[in-house]
There are 2 protein chains.
Amino acid sequence: MEKMIITISREFGSGGRSIGKAVAEKLNIPYYDKELIKEVAEETGLSPEYIENVGEYAPGKSLLSFLPALTIHNKYPNNMSAADFLWCMQSKVILDLAAKGSCVIVGRCADYILKDDPHAVHVFVHASTEYKADRIVRLYGESEKRPEERLADKDKKRSVHYKHFTGREWGKCQNYHLSLDSGKIGIDKCVSMIVELAEQTNE
Amino acid sequence: MEKMIITISREFGSGGRSIGKAVAEKLNIPYYDKELIKEVAEETGLSPEYIENVGEYAPGKSLLSFLPALTIHNKYPNNMSAADFLWCMQSKVILDLAAKGSCVIVGRCADYILKDDPHAVHVFVHASTEYKADRIVRLYGESEKRPEERLADKDKKRSVHYKHFTGREWGKCQNYHLSLDSGKIGIDKCVSMIVELAEQTNE
């Protein structure tokens, strides 16, 4: 078997992360999510919380919460902002991980960063608002915000972050080899479709 | 087996039409393409050539070629233009066909027109420019225009037409249950993935 790299981009609540984990288990290859954040933290000295938030989301109104990271921006090369520095280092970590061997990477614009990797299969997972709203309430419980607002807010930030760093539209079919409506198709079937495709393209 | 409706939207040159035909054959259900145009022609009195062009593409610079259809617009209800009248009648024909029984419909914004049909599976087929350029030269031969220009021109018109009549972005993952890169995945595998999904969602 040749190397298999699978990137999974996903709408919040669509089950993309669960799908990614299950695909990695079935293919018996590493799944990078928290580990990726840990590696980026080690390379950059930034806090895992900062990386988790700013590495995938455009900052919202609570910019002040990122102040500790922003105030140290002048220590980065070429007077980069912390967010730009994070983008560079996160890209480097993703390229290094993909060079090392087969893996599944969820989120973090990995589809863009690995767009020229011939071993990569890029997947986008989405679902209807009803399906996602129901799923996040079941998984994460209720909160002050209505679930529809929580979904819209997270995805808006992902989309703005993606556009800013890649220049591309988030969720555009042409950026992915496969895109799946997990609500219509079902989580298990999504997993088997991705596994089959990854195995086929690496035969 | 319950009713199965499969709509296939596709980039020019991606093989979406061939995929649609093969899916219909495998499932042994009707495939609507030219037949749909014939039905719309009968319902509207518009010429099949006009329907083929204006029913899916935004008119380009050669607006004059559509003059015979445009000059008779005042015979349509509420002073509709011929293009708007065609949109209404084409939508009606598509809804009627889907109501009649299982089928595959390629193009003509059928994904939007049947977006609320619980039996429908909506698919988008795309591929890299290299793959599509190579494919159209192989299938349709060379022409004065470079194949890359022919691709861009056709898809631009499809995209503008789609946006105008549906208000949605053409080729956005969220509009389809499944989107496939036929170049990466291969035509045969695309066919079997769609067939499997249609069978599963109608079990």
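It should be noted that the structure appears before, not after, this text.
First, a word on scope: everything that follows refers to the structure included in this document.

Rules used in this analysis
- Residues numbered from 1 in each chain as written.
- Chains lettered and ligands numbered in written order.
- Predicted model: local features only at pLDDT ≥ 70, side-chain atom pairs only at ≥ 80, totals over all residues.
- Heavy atoms only, no water.
- Pairing = 2+ DSSP bridges.
- Helix = DSSP H or I, 4+ residues; strand = E, 2+ residues; numbered from the N terminus.
- Contact = heavy atoms within 4.5 Å.
- Axes fitted to C-alpha atoms, helices over the stretch in contact; angles between N-to-C directions.
- Least-squares fit on C-alpha atoms with pLDDT ≥ 70 in both.
- Expected span 1.5 Å × (residues − 1).
- Buried < 20%, exposed > 50% of the residue type's maximum accessible area, 1.4 Å probe, protein only.

### Focus: the sheet that holds strand S1 (residues 5–10) of chain A
Phase 1: Taken together, ten strands build an open sheet; the order of strands is S2(A)-S3(A)-S1(A)-S4(A)-S5(A)-S5(B)-S4(B)-S1(B)-S3(B)-S2(B) and the sheet is mixed. In this open sheet, the two edge strands, each paired with only one partner strand, are strand S2 (31–32) of chain A together with strand S2 (31–32) of chain B.
Phase 2: Summarising the sheet, strand S4 (residues 120–126) of chain B and strand S5 (residues 178–181) of chain B pair through four bridges and their orientation is parallel. Bridge assignment links Val125 of chain B to a residue of S5 of chain B, and that residue is Leu180 of chain B.
Phase 3: The sheet contacts of helix H1 (residues 16–27) of chain A involve S1, S2, strand S3 (103–106) and strand S4 (120–126) of chain A, and relative to S1 of chain A the element is tilted by about 165°.

### A look at the relation of the copies chain B and chain A
Phase 1: Superposing chain B onto chain A requires a rotation of 180° together with a translation of 0.0 Å along the rotation axis, leaving an RMSD of 0.0 Å. The relationship between the two copies is best expressed as a two-fold rotation axis.
Phase 2: Of the residues that chain B buries at the interface, 100% are likewise interface residues in chain A, meaning the two copies contact each other through the same surface.

### Quick notes on helix H5 (residues 82–100) of chain A
Phase 1: Over its 19 residues, H5 of chain A extends 27 Å from the first C-alpha to the last, a length consistent with the 27 Å expected when each residue adds 1.5 Å.
Phase 2: Every buried residue belonging to H5 of chain A is among Ala82, Phe85, Leu86, Trp87, Met89, Gln90, Ser91, Val93, Ile94, Leu97 and Ala98 of chain A, and all of these are buried.

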